[in-house]
Amino acid sequence: MNPNRGTQPSLFRPRLREWAWLVVLWMVLFILSFIIGQKGIPVEDGGEFLTVARLGGIAHPPGMPLLAQLARCSWIAFGSSGLRILFAIMAALSLTFLGAKKTLATALLAAGLLLLPAVRERLLMWDAYSLMFLIFAVTLQRRPGADLEGGYLAGLAIASHPQGILLLLLLDWKRLDIPRIAGGLLLGLSIFLALPLMSAAGAVMDWGSPGSLSTFIRQVSAGGYREAFASSMGGEAFTESIAIHGKLLIGMLWPALLLPAGLGIWSLFKSDRFMLYILMGILVLDALFIGLINPMAAGTTQTGTLSLLALLFISFKGVTMAAGFRTAAGIGLGLLVLIAGMTSEDPLVDQTKEVDQFFRPGPLEAVYFIQSNDLLYGGWVLKFVEDRRPDVVLLSTDNFSLWFERMAITFNPGLDLSPGVSDVGDFSIPRNVLASRLMDRTVEDNPGRPFLTDFR
């Protein structure tokens, strides 16, 4: 028996205290995220993901199978509160990983960041960006090599959103193991196999119907997106979209993050210049992605997520640097961000009132041709999630895919949507003319139903 056993220092206790700090920080951020999270019927793609959670299935191209599966699991576990809990978990984890230093300053900064509109709307809005942000935050904390772990995280990031491929920039390529990174990448990407499996199993929400190799490739590569928006990518819109994106970045920084980010840049310049260059590269590549591929969404909440990630990581470095000089300075910076967040407006929109006003006056068995995605997905929530208008039929003015029509017929069996493109023309006809003819034919084939639209 060792008489000095009780006085020996424990190597485990410091680690235990560190983990306890991180758990407490995560719990505080989770509770805060849940309280301020999305409520009611969201705008943009939130209604679609809520419908995926309720019905199961596949999200819009490229399918985003990782989030689709997590959304479905959240509904099974928590019901209608599932997505709100899921996104609160992911947002809290993201900021916990970014602010892992055991200091009051970083804790205050994390809470303040969560309240800032630019952060709140990207991490708590029900879309793929929060999950991608989390995987990048884990990678920034872990700093894995180009090996099994790094490849796996990259695969998961790509499975959450195409921009996830930029995660490869964060890996330590000095520790390159080609077989292992290839294996990890394939393992992470293997979740895409959920798409053809769910399609073959008869998933009601079957975006792209990726049951064959050709349709699977088209879904994963977002072929339909390119066909619909190819004319808007790059070209004359490039300069304008970059300018709009620049204003978005200024809005993220001003005024709360300007000083923390400035100090963070100086800190990284002195201590980890290579990481600073990588983060600057992510800012540039994020801007090019918007200018060349997604100029239509420039300045919206569906852009700038990776830029935000870089700015937040830099800001944490800045507050840590300030706290290193003087504890009060770091706490003061954290408090300033917290106060700025507490005095900001709620950016998360609940369109329940607008959706109710649109659908409530509609007659029974009405068929709606809807142009607005906000209203279409809001109608999905009303019909498929809340079961408040199970009688209505929801059709899109732009989407006449077979899966879309099958979903409508599944829930409204008496509907006749049998005519296809060959019955009204061919694909040489302009898209809008073809859509108009298909809508006219649907009205003719369903004479007993009232038809309404959101056309202005």
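About the thresholds
- Residues numbered from 1 in each chain as written.
- Predicted model: local features only at pLDDT ≥ 70, side-chain atom pairs only at ≥ 80, totals over all residues.
- Heavy atoms only, no water.
- Pairing = 2+ DSSP bridges.
- Helix = DSSP H or I, 4+ residues; strand = E, 2+ residues; numbered from the N terminus.
- Axes fitted to C-alpha atoms, helices over the stretch in contact; angles between N-to-C directions.
- Contact = heavy atoms within 4.5 Å.
- pLDDT = per-residue confidence, 0-100.
- Parallel < 35°, antiparallel > 145°, perpendicular 65-115°, else oblique.
- Left-handed = near helix turned anticlockwise from the far one by under 90°.
- Nonpolar A, V, L, I, M, F, W, Y, C, P; charged D, E, K, R; others polar.
- Salt bridge = Lys/Arg side-chain N within 4 Å of Asp/Glu carboxyl O.
- Buried < 20%, exposed > 50% of the residue type's maximum accessible area, 1.4 Å probe, protein only.

**Structural notes on the sheet that holds strand β6 (residues 393–396)**
Alright, step 1. Read across the sheet, three strands follow the order β6-β5-β7 without closing on themselves; strand pairing throughout is parallel. At either end of the open sheet lies a strand with only one pairing partner, and these are β6 and β7 (451–453). Between one strand axis and the next, the sheet turns by 25 degrees as a mean value, whatever way the strands run.
Alright, step 2. Alignment of strand β5 (residues 367–370) against β6, held across four bridges, turns out to be parallel. Bridge assignment links F369 to a residue of β6, and that residue is L395.
Alright, step 3. The strands touched by helix α19 (residues 373–385) within the sheet are β5 and β6, with β6 carrying the most contacts at an inclination of about 155 degrees.
Alright, step 4. Here helix α22 (residues 431–445) sits on the sheet and contacts β5, β6 and β7; the angle it forms with β5, its principal contact strand, is near 175 degrees.

**Focus: the confidence of the model for the chain**
Alright, step 1. Across the chain, the average pLDDT comes to 90, with 94% of residues at 70 or higher.
Alright, step 2. Note on residues 3–11: pLDDT is under 50 here. Beyond four places in sequence and across chains, it has one contact.

**A closer look at the packing of helix α3 (residues 65–78) against helix α4 (residues 82–98)**
Alright, step 1. Contact pair α3 / α4: the axes reach a minimum separation of 8 Å and the direction vectors enclose 120 degrees. The orientation of α3 relative to α4 falls into the category oblique. In the packing of α3 onto α4, the handedness of the crossing is right-handed. Side by side, α3 and α4 meet where L67, L70, A71, S74, W75 and F78 of the first sit next to G82, L83, I85, L86 and F87 of the second.
Alright, step 2. When grouped by side-chain class, the residues that make up the contact of α3 with α4 number nine nonpolar, two polar and no charged.

**Examining the pattern of salt bridges**
Alright, step 1. One pass over the structure, following the stated rule, counts 13 salt bridges.
Alright, step 2. Put simply, E386 and R388 hold a salt bridge, and the shortest N to O gap is 2.7 Å.
Alright, step 3. In this structure, a network of salt bridges that share partners links the residues D356, R360, E386 and R388.

**A few points about the side chain of S241**
Alright, step 1. As for its position among the elements, S241 is in helix α13 (residues 237–253).
Alright, step 2. Residue classification places S241 among the buried positions, given a relative accessible area of 2%.
Alright, step 3. In this structure S241 touches I290, G291, P295 and A298, once residues within four positions along its chain are discounted.

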